[in-house]
Every structure is written in C-alpha cells, then in structure tokens.
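# Breakdown of the fold
These are the residues of each chain, in order.
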Amino acid sequence: MREVLAQAAFQLFLERGFERTTVDDIVARAGVGRRSFFRYFPSKEDAVFPDHERCLAEMTEFLAAVDDSDPVGAVCDAARIVLRMYAANPEFSVQRYRLTREVPGLRTYELSVVRRYEQTLAGHLRGRFGEDGDGEGDGELRAEVIAASVVAAHNNGLRLWLRSGGEGDPEVAVDHALALVREVWGRSAGVAGALSPEGEGGLPGGSVSGPDTTLPVPALPAASPVSALPVSGDGEVIVMVARKGTPMWRVVQQIEAAVGEN
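So, a few notes on the structure that sits alongside this text.

What counts, and where the lines are drawn
- Each chain carries its own residue numbering, running from 1 in the written order of its sequence.
- Only residues with pLDDT of at least 70 get local features here, since the model is predicted, and only at 80 or more are side-chain atom pairs given and counted; chain-wide, interface and lining totals rely on the full set of residues.
- Side-chain figures throughout are based on the complete set of non-hydrogen atoms in the structure, without hydrogens or water.
- Under the scheme used here, helices are H or I runs from DSSP no shorter than 4 residues and strands are E runs no shorter than 2 residues, and both carry numbers assigned from the N terminus.
- The rule is simple: take the accessible area with a 1.4 Å probe, protein chains only, and divide by the maximum for that residue type; under 20% is buried, over 50% is exposed, in between is partly exposed.
- Any Lys or Arg side-chain nitrogen found within 4 Å of a carboxyl oxygen on Asp or Glu counts as a salt bridge.
- Any pair of residues with heavy atoms lying within 4.5 Å of one another is described as a contacting pair.
- Two distance rules govern patches: like charges are joined within 9 Å, and nonpolar side chains (Val, Leu, Ile, Met, Phe, Trp, Tyr) within 5 Å, applied only to residues with over 30% relative accessible area and no salt bridge.
- Note on areas: Shrake-Rupley with a 1.4 Å probe; residue coverage comes only from the protein chains shown.
- Two aromatic rings from Phe, Tyr or Trp, using only the six-membered ring of Trp, form a pair when their centres are within 6.5 Å; if the ring planes differ by under 30 degrees the pair is stacked, by over 60 it is edge-to-face, and anything between is tilted.
- Placement of a positive charge over a ring is assigned whenever Lys NZ or Arg CZ falls within 6 Å of the ring centre and within 35 degrees of the normal to the ring plane.
- Residues belong to one nonpolar core when they are buried, are Ala, Val, Leu, Ile, Met, Phe, Trp, Tyr or Cys, and are joined through side-chain atoms within 4.5 Å.
- Fitted lines through C-alpha atoms serve as axes, helices being fitted only where they are in contact, and the angles separating the N-to-C directions of these axes extend from 0 to 180 degrees.
- Here is the rule for angles: anything less than 35 degrees is roughly parallel, anything more than 145 is roughly antiparallel, 65 through 115 is roughly perpendicular, and the remaining ranges are oblique.
- A crossing counts as left-handed when the near helix is turned anticlockwise from the far one by less than a right angle, and as right-handed when that turn is clockwise.
- Residues are sorted three ways: Asp, Glu, Lys and Arg are charged, Ala, Val, Leu, Ile, Met, Phe, Trp, Tyr, Cys and Pro are nonpolar, and all the rest, Gly among them, are polar.
- Expected helix span is given by 1.5 Å per residue-to-residue step, counting one fewer step than there are residues.
- Taking the helix axis as origin, the arc is that swept by the directions to the C-beta atoms.

### A look at the overall build of the protein
Secondary structure assignment for the protein yields twelve helices and four strands. Within the protein, buried positions represent 41% of all 262 residues.

### Some words on the pattern of salt bridges
Evaluation of the coordinates by the stated rule reveals 14 salt bridges. Between D51 and R96 there is a salt bridge, with its nearest N and O atoms 3.1 Å apart. Taken as a pair, D51 in the loop between α4 (44–48) and α5 (52–65) and R96 in helix α7 (residues 90–102) lie far apart in primary sequence, 45 residues in all. Judged by relative accessible area, D51 falls into the buried class, the value being 15%. Exposure remark for R96: the relative accessible area of 2% places this residue in the buried category. Two residues, R80 and D175, come together in a salt bridge whose shortest N-O distance is 2.9 Å. Of this pair, R80 sits in helix α6 (residues 71–87) while D175 sits in helix α10 (residues 170–185), and the two are 95 residues apart along the sequence. Its relative accessible area of 28% is what places D175 among the partly exposed residues. Among the ionic contacts, a cluster of salt bridges with common partners joins R115, E118, R126 and E144.

### Description of the side chain of H154
For H154, the position within the fold is in helix α9 (residues 139–163). Those residues in contact with H154 that sit more than four places away from it in its chain are A79, V82, L83, V174 and L178.

### Some remarks on a nonpolar patch on the surface
Taken together, the side chains of M1, V4 and Y40 define a hydrophobic patch exposed on the protein surface, amounting to about 250 Å² of accessible area. The residue V4 is located in helix α1 (residues 2–16) in this model.

### Things to note about the packing of aromatic side chains
Centre-to-centre distance and the angle between the planes together describe a pair of aromatic rings. Going through the model one piece at a time under the given rule, you end up with five aromatic pairs. Aromatic pair F49 and Y109: ring centres 5.2 Å apart, planes at 20°, arrangement stacked. Within this pair, whereas F49 is found in the loop between α4 and α5, its partner Y109 is found in helix α8 (residues 104–129), the two being separated by 60 residues in sequence. Through a chain of ring-to-ring contacts, three or more aromatic side chains come together here, namely F37, F38 and F41. Above the plane of the ring of F129 lies R142, whose end atom (NZ or CZ) is 6.0 Å from the centre.

### Focus on the nonpolar core
Among the nonpolar cores identified, the biggest contains 60 residues, and F13, F37, V48, M59, Y117, L121 and V150 are the most heavily contacted of them. In terms of residue count, α6 provides more of this core than any other element does, ten residues in total. For F37, the contacting residues outside a window of four places in its chain are L5, V23, I26, V27, S43, K44 and A47.

### Side note on the packing of α9 against α10
For any two helices packed against each other, the geometry comes down to the angle between their axes and how far apart the axes lie. Packing of α9 against α10 leaves a shortest axis separation of 7 Å and a crossing angle of 160°. Judged by the angle between their axes, α9 and α10 are roughly antiparallel. Along this stretch, α9 crosses α10, giving a crossing that reads as right-handed. Between α9, through R142, V145, I146, S149, V150, A153, H154, G157, L158, L160 and W161, and α10, the contact on the second element is made entirely by P170, A173, V174, A177, L178, V181 and W185. Broken down by class, the residue content of the contact of α9 with α10 amounts to 14 nonpolar, three polar and one charged.

### Things to note about α5
Taking 1.5 Å of rise per residue, 14 residues should cover 20 Å, and α5 covers 20 Å from first to last C-alpha, within 8% of that figure. Looking only at α5, the buried set comprises H52, C55, L56, M59 and L63. In a view along the axis of α5, the buried residues occupy a sector of 100°, so they form one face of it. Facing away from the buried side of α5 by more than 90 degrees, the exposed set consists of E61, A64 and A65. In this structure, the buried residues of α5 make contact with α6, α7 and α8.

Okay, here's the thing in structure tokens:
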C-alpha cells in the first residue's frame, strides 16, 4: 500500500504539479481513503521520498555491525547505501531530482533528510572518536566535519549522475569523491602524529613514517596556510600539511592541484 500511494502521488505531481495536487487527489487515484494515506505518510512531501526511512534504518544497522578499525572508511561505505537506493530506480530518481529542483518546499524537505543522514554518520564517528578525538579535545568536531565531508562528496557525485539523466554508472563519480574524503581524513591523524615541530612562525616540519620508509616533510612558511608535497620520485605519494583551521575547500583545491601536477 505504501508503494501504491507513493506511485499515485508521484504520477499526479508530474501531471498536475506538486502544489496543485491534494491528498484527496492522491487517495482517489490510489483507490483508498485519507486515513490510509496518513497511516504511511505524514505529508505530501513524505510521499516524494518514500524510501529514505528504510535507507536510514539500513544505514544505522550497517554502522552498528561494522568493524571500527577504519571509521572513515565505514561511514563512506554507509553512504554508498544511499547511492544504491537511487541507482536501483534511475527513472524515478531522475524525475524526483527534477521535481525537487522546481519546488522550494521539496528542496527544504530534502535538506532535512540529508541532515538526518549526516547526523547518523556523525553519531557513529562520535562513538568511535569520543570527546578527545586526536588528543586535542575535538572528537565531536572531527566527527561532524568528517560526516559533512562524506555527505558533500556523496551528493556531489550523485547529482552529477542525476543531472546527466541517469546515464552511466553512478558509482564512478561517487567512489572518486569518497576516495578523496578517505585520503584527507583517513590518514590525517597519522600524519599529524608523525610531524615534529621545527621552525618558529610557520607550520611544523618533521617526518612522516610509513611501513617502508620515513619521508621528510620540510617546515612551511607562515604565509602558506596549506601545502601538498609530492614525496616520491614517481609522484604516487602526496603528503598534505595544513594549518589547523584551514577551510576544507582550500585543502581539496591544493590536493587536486598537486595530483594534477604529478
């Protein structure tokens, strides 16, 4: 019945427009009473996003059972559950995306749904990091920032696919974006812990230790808030050093620039 109501609602939204469609119109199309509609959906907006409650429950269940040895990887994998939901029905997903762009109320509702996903991911990371995080007492902040990064990366890749009309494999763009998140956040604690202070007035210098070698990281001048340093002859390894508080967009920009140069 939930699916029947959702299909009836969406057909009417496409035919008449969202604002001109009433709940009475929807139940008439579905052949049921108003009480049946409100048993499944609190509002018209909920009927546009009938699959998100199930997806949130699946994400929560996944995170509860996941191995926490790689918390950033775990929340990236959890985000892919949402991607698979969209990819399972490309035509509906593209139509919903276009409808949402046209109706401000639906856009607002969608943002509230996105925030619930973000809170679910952040809650898992808070449980993993605790209050201390990287030892500076910013565990909660780290959890919120990483969760926001995962959601932003996922949505960037997903929307590229939706704007294309659902052509191609949506996982390509999403995997690329999430790989960047894992590169930035998955190793940040290890890099920060491996740096030793050197030089006054700039970012600390020192070394980054890996399984095979110890790589030098020169001190950076105070005027340089972020730097991406290639540290292998073939350009396959890049170490990112950034002053605390550097905006994420600038970090990503410098990573992309360094990758492009190598």
